Amino acid sequence: MSREQERAADASAVLPSLAERAGRLALGFTIALAGALLAVWIGIPLPWLLGALLLTGLTRMAGVGSRCAKPVRNAGQWVIGTSLGLYFTPLVARHIIDHTPLILFGMVYALILGLIGTWVLQRFAGLDFRTAWFSAAIGGASEMVNLAEHHGARADRVVSVHSMRVLIVVVLVPFAFQWWGVAGLDPDIPGPRAVDMQGLAALFAGTCATALLFRRLRLPNAWVLGPMLFALLLTVNEIEWSALPQWVSWAGQLMIGWSLGDRYRPDFFRAAPRLLSIVAVLTCLMIAGSFVLGSLLAPWVGLPAPTLILGLSPGGIAEMTITAKVLQLGVPLVTALQVTRMVFVVLTVGPLYRWQARRRSQRGLSS
């Protein structure tokens, strides 16, 4: 066979592969959009997020060969990060600074939840210490998986635990708040209100450049924190380029839900049923603890209990801040609590593990 024929054969083999991936991606988008529209019609909370997540997750576990590309989640995170940054007017920033002790408390609370979770996963799920440690840490799932692999923990178990925790929190908390009937405690949305296409283009360019810089510096949650920082610096200095159109917000929620639902596979619940059952119970107890603690703290700090509950809940930044944004429940403070907690956990979980591992080694325990 000549070299030209070999190249033609290689090209013909690549084309069906690209077509197949494009078809799976289109199928995934169709399922996510159908789930979101169905959720809007039914009237469930956070329909663009939960509808896409639930229908995508159910079809993936049923064996449907749909697909979600990584840039989809990045785009969804960009929407969330940018929209959050646009909340931080000077007045809101001063309000956040006034509640610094509460934010520090939230960081310590996250650490305590991680310690309790580590003990539970070791004692009842039979995980080794290092795997239990990174599975229980209330930080970004991708960051915890990377740290787990670096320290020799079972990454598959860490992925399963974080996926189960996020699924339960994202589904239960919005439904609980809808049943509670507490939406709209912050009806006045700060920041820019008008959409300006030229300003929107500049905002898009600046936030994307900051996200890429965060990625290059290997900072966590680059597509949330980078755009949020850029938009925050504009808003806190009273520079209003543009608001985000409503349809962009809905699209961002759909992409987050689609990417979350795509994590699940037909064997997800069969792979480690005992572990996932324990994680489900543990997560529900963590949510209940956050509800109780937020309700108790509210009179002391002079803030609505729903805002504190969302800020303390063991979900991810994108999911909890979407909930706060859609339900209008103290978005800036929830964002501050969730972001500082995530950064604190990501920065401390590795050194704390090494310190604990040395202590356990000295006592003759396995790490």
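Residues numbered from 1 in each chain as written. Predicted model: local features only at pLDDT ≥ 70, side-chain atom pairs only at ≥ 80, totals over all residues. Heavy atoms only, no water.

Structural notes on the overall build of the chain
A tally of regular secondary structure across the chain gives 16 helices and 0 strands. If you line up the chain on its principal axes, its C-alpha atoms span 80 × 65 × 40 Å. Buried residues in the chain amount to 53% of all 367 residues. Of the contacts made within the chain by residues no fewer than 6 positions apart, 77% connect residues no fewer than 24 positions apart. Only carbon and sulfur atoms are counted for the fraction: they give 65% of the accessible area of the chain, which is about 17300 Å². Computed over 29 positive and 17 negative side-chain charges, the separation of the two mean positions in the chain equals 11 Å. (Helix = DSSP H or I, 4+ residues; strand = E, 2+ residues; numbered from the N terminus. Buried < 20%, exposed > 50% of the residue type's maximum accessible area, 1.4 Å probe, protein only. Contact = heavy atoms within 4.5 Å. Areas by Shrake-Rupley, 256 points an atom, 1.4 Å probe, with all protein chains shown as cover. Lys, Arg positive; Asp, Glu negative; His and termini not counted. Charge placed at Lys NZ, Arg CZ, Asp CG, Glu CD.)

Regarding the nonpolar core
Counting residues in each nonpolar core, the largest one holds 91 residues, and the members touching the most others are Leu-121, Phe-134, Phe-177, Leu-225, Leu-275 and Leu-310. Excluding residues that lie within four positions of it along the chain, Phe-177 makes contacts with Val-182, Phe-291, Pro-306, Ile-309, Leu-310, Leu-327 and Leu-329. Leu-203, Ala-211, Trp-223 and Ala-231 belong to the second largest nonpolar core, which has 12 residues in total. (Core = buried A, V, L, I, M, F, W, Y, C linked by side-chain atoms within 4.5 Å.)

Quick look at the packing of aromatic side chains
Per the stated rule, a full pass over the model turns up 12 aromatic pairs. Arranged with centres 5.3 Å apart and planes meeting at 50°, the rings of Phe-134 and Tyr-353 form a pair that is tilted. Of this pair, Phe-134 sits in helix 6 (residues 129–136) while Tyr-353 sits in helix 16 (residues 331–362), placing them 219 residues apart in sequence. A relative accessible area of 5% places Tyr-353 in the buried class. (Phe/Tyr/Trp six-rings, centres within 6.5 Å; stacked < 30°, edge-to-face > 60°.)

Description of the environment of Cys-208
Looking at the element boundaries, Cys-208 is found in helix 9 (residues 197–216). Assessed through its relative accessible area of 14%, Cys-208 is described here as buried. Sequence-wise, Cys-208 and Gln-77 are 131 residues apart; in three dimensions their C-alpha atoms are separated by 11 Å.

Some remarks on helix 11 (residues 246–261)
Between its first and last C-alpha, helix 11 extends 23 Å over 16 residues, near the 22 Å set by a 1.5 Å rise per residue. Burial of helix 11 is extensive: 12 of the 16 residues sit out of reach of the surface. Three or more residues of helix 11 are buried, namely Val-248, Ser-249, Gly-252, Gln-253, Leu-254, Met-255, Ile-256, Gly-257, Trp-258, Ser-259, Leu-260 and Gly-261. (Expected span 1.5 Å × (residues − 1).)

Quick word on the confidence of the model for the chain
When pLDDT is averaged along the chain, the result is 85; 92% of the residues meet or exceed 70. The lowest-confidence element of the chain is helix 12 (residues 268–271), averaging 76 in pLDDT; the highest-confidence one is helix 9, averaging 94. Counting interchain partners and residues more than four positions distant, the pLDDT-below-50 stretch residues 9–14 has 0 contacts. (pLDDT = per-residue confidence, 0-100.)

A closer look at the packing of helix 3 (residues 70–85) against helix 15 (residues 317–327)
Between helix 3 and helix 15, the least distance of the axes is 11 Å, while the angle of their chain directions is 50°. One way to sum up the angle between helix 3 and helix 15 is to call them oblique. For the crossing formed where helix 3 meets helix 15, the hand is left-handed. Contact residues: Arg-73, Ile-80, Ser-83 and Leu-84 in helix 3; Ala-318, Glu-319, Thr-321, Ile-322 and Lys-325 in helix 15. The residue makeup of the contact of helix 3 with helix 15, split by class, is 4 nonpolar, 2 polar and 3 charged. (Axes fitted to C-alpha atoms, helices over the stretch in contact; angles between N-to-C directions. Parallel < 35°, antiparallel > 145°, perpendicular 65-115°, else oblique. Left-handed = near helix turned anticlockwise from the far one by under 90°. Nonpolar A, V, L, I, M, F, W, Y, C, P; charged D, E, K, R; others polar.)

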